[in-house]
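# Coordinate analysis (summary)
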Amino acid sequence: MTTSYETQSKTPIDPVMAAKQLIPLILARRDKAERIRRVPADVTTALADAGLLQMYLPRSMGGPELSPLTAFEAIETLSRADGAIGWCAMISSDLSLFMGWLPADVGRQMCGDPADLRVAGSLRPQGRAHIVEGGYRVRGRWNFASGVDHANWLYCPCMVMDGDEPQLNEAGMPRVMSMWIRSDEATIEDTWTAIGMRGTGSNDFVVHDIFAPAARAFSLNGPSCERGPLYNSRLQLTAVWTATVANALGIARGAIDSFIELAAETSSTSSSSVLRDRPLVQTRVAEAEAILGAARAYVVDSVGSAWAAICDGALDPSHAIARARLAIVHGMHEAVRSVDLVFHAAGTNAIYSLNPLERYFRDIHVTVQHGAALPAQYESAGKALMGLRPTERGW
């Protein structure tokens, strides 16, 4: 779906083509990423050079400011080759969206010329910020910081403190401010030993009493500085999690591709016929393909409608946003279901670590632990569709 805004916002960067061109490099490095538990340096450089770590960065700061579905296709392409590398591109691009809450001149100082923003961080307010002259003194520990080893900026939500107690906002809840902190001001702690997505380097980082200037602090509950539809507060989590479901759907596509390749040349201990010649295997591939294709179509249609509603200035985009958020959580769980079908259809062939299908299986089951896939997302969507008000942010 093309809107007038997208027509006016063309960028010379073709992120999808750039992602496709990186596939040979990613395939050559994915075993190394798994082994060293982070994205290899040459892959990080290639992603950054292609603009794939800052897809939501405002144009006013030198970024491409891409629409959610454009970022979706690029992340899906990367994740089809390797889930962990696609995940890191997703996380950094998602967090680049929040640069829209800073003044453009502050963002340009942070990103440089040409813009080079590589972000890690967390949406959870795991820090404490004390007000001082000119800004805040910040300390805290943030976990699951995917890509922190190659980040140059860290996104750090904090509770603002009044002595030893959090300040409260008008709703009686702790006041949260988000800080941008240079990565060299933090200490990375090697905590990432996980069942899947090992190449994401999702370690903890710790900040010890660092000064954060007020110019680099903001509240996501306040208005953005950027006026483009991408930075509309109603679209905030929809845009962020569109890239998240893209990662899951890309992993599932890679798993099906991997299984089809495996099935063409592999038999089993119980039969000498290759897997692809067996009716049950043929059925499972078809089921997995239908599940994945339907889930992807629902995401593309619903997110496209929500984007159009925001771009067209709809007075109440609530229904469109609810459908998009529902499509996202549904897509993540359907991605898991499609991978499970082909994994079990492969039998014992699937359990060997030399088989890429085994990694896709592990990665998708880690991906679905993300907040975008929580069962509460279904509940909130149901409330919104029935005219009730969800309590969570972003609906």
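Look up a bit, the structure's there.
Analysis parameters
Residues numbered from 1 in each chain as written. Predicted model: local features only at pLDDT ≥ 70, side-chain atom pairs only at ≥ 80, totals over all residues. Heavy atoms only, no water. Phe/Tyr/Trp six-rings, centres within 6.5 Å; stacked < 30°, edge-to-face > 60°. Helix = DSSP H or I, 4+ residues; strand = E, 2+ residues; numbered from the N terminus. Buried < 20%, exposed > 50% of the residue type's maximum accessible area, 1.4 Å probe, protein only. Axes fitted to C-alpha atoms, helices over the stretch in contact; angles between N-to-C directions. Parallel < 35°, antiparallel > 145°, perpendicular 65-115°, else oblique. Contact = heavy atoms within 4.5 Å. Nonpolar A, V, L, I, M, F, W, Y, C, P; charged D, E, K, R; others polar. 1 Å grid on protein atoms, 1.4 Å probe; cavity = no way out; pocket = protein on both sides within 12 Å on 5 of 7 lines; lining within 4 Å. Points joined across faces, edges and corners; volume = space filled by probe spheres on them. Core = buried A, V, L, I, M, F, W, Y, C linked by side-chain atoms within 4.5 Å. Salt bridge = Lys/Arg side-chain N within 4 Å of Asp/Glu carboxyl O.

Time to look at the packing of aromatic side chains. The geometry of an aromatic ring pair comes down to the distance between the two centres and the angle between the two planes. The final tally for this structure, using the stated rule, is 7 aromatic pairs. Note on Phe-98 and Tyr-155: the rings are 5.1 Å apart at their centroids and 35 degrees apart in plane angle, and the pair reads as tilted. Residue Phe-98 is found in the loop between helix H5 (83–96) and helix H6 (104–111), and its partner Tyr-155 is found in strand S4 (residues 153–162); the two are separated by 57 residues along the sequence. Given a relative accessible area of 1%, Tyr-155 falls into the buried group. Consider the rings of Trp-142 and Phe-205, whose centres lie 5.2 Å apart with planes at 15 degrees: the pair is stacked. Here Trp-142 is found in strand S3 (residues 135–145), whereas its partner Phe-205 is found in strand S8 (residues 203–213), with 63 residues between them in sequence. Residues Trp-142 and Phe-205 agree in their burial class; the two are buried.

Moving on, we come to the packing of helix H4 (residues 68–81) against helix H8 (residues 279–311). It is the contact of H4 with H8, at a shortest axis distance of 9 Å, that shows an interaxial angle of 150 degrees. On the basis of their axis angle, the class for H4 and H8 is roughly antiparallel. Counted together, Pro-68, Leu-69, Phe-72 and Glu-76 of H4 and Arg-296, Val-299, Val-300, Val-303, Gly-304 and Trp-307 of H8 form the full contact between these two elements. Of the residues assigned to the contact of H4 with H8, the class counts are 7 nonpolar, 1 polar and 2 charged.

A water-sized probe, rolled over the atoms, reveals where empty space remains. What the rule picks out here adds up to 1 cavity of 30 Å³ or more. By volume, the largest cavity is sized at about 40 Å³. Residue lining of the largest cavity: Arg-30, Ala-81, Asp-82, Gly-83, Pro-356, Arg-359, Tyr-360 and Asp-363, and that is the complete set. Looking at which element gives the most residues to the lining of the largest cavity, the answer is helix H10 (residues 356–367), with 4 residues. In terms of residue class, the lining of the largest cavity is made up of 3 nonpolar, 1 polar and 4 charged.

Okay, the nonpolar core next. Formed by 105 residues in total, the largest nonpolar core has its most connected members in Leu-52, Phe-98, Met-99, Trp-180, Phe-259 and Leu-357. It is helix H7 (residues 236–263) that contributes the most residues to this core, 16 residues altogether. Excluding residues within four positions of it along the chain, Met-99 makes contact with Leu-57, Pro-58, Met-61, Gly-107, Met-110, Cys-111, Leu-117 and Trp-180. The next biggest cluster of nonpolar side chains, apart from the first, holds 21 residues, and it includes Ala-151, Cys-158, Met-177 and Met-179.

Right, let's talk about the pattern of salt bridges for a bit. Oppositely charged side chains are able to pair whenever their charged atoms sit close together. Applying the stated criterion across every chain, the model contains 23 salt bridges. A salt bridge links Glu-287 to Arg-284, with the shortest nitrogen-to-oxygen separation between them at 3.0 Å. One end of the pair, Glu-287, and the other, Arg-284, are both in helix H8, 3 residues apart, so they sit about a helical turn from each other. Accessibility expressed as a relative area gives 28% for Arg-284, which makes it partly exposed. Close ionic contact of Glu-358 with Arg-362 constitutes a salt bridge, the shortest N to O distance being 2.6 Å. One end of the pair, Glu-358, and the other, Arg-362, are both in helix H10, 4 residues apart, so they sit about a helical turn from each other. When sorted by exposure, Glu-358 lands in the same class as Arg-362, which is buried. Among the charged side chains, a salt-bridge network with shared partners connects Asp-31, Glu-34, Arg-198, Glu-358, Arg-359 and Arg-362.

Any functional reading would require information that these geometric values do not contain.
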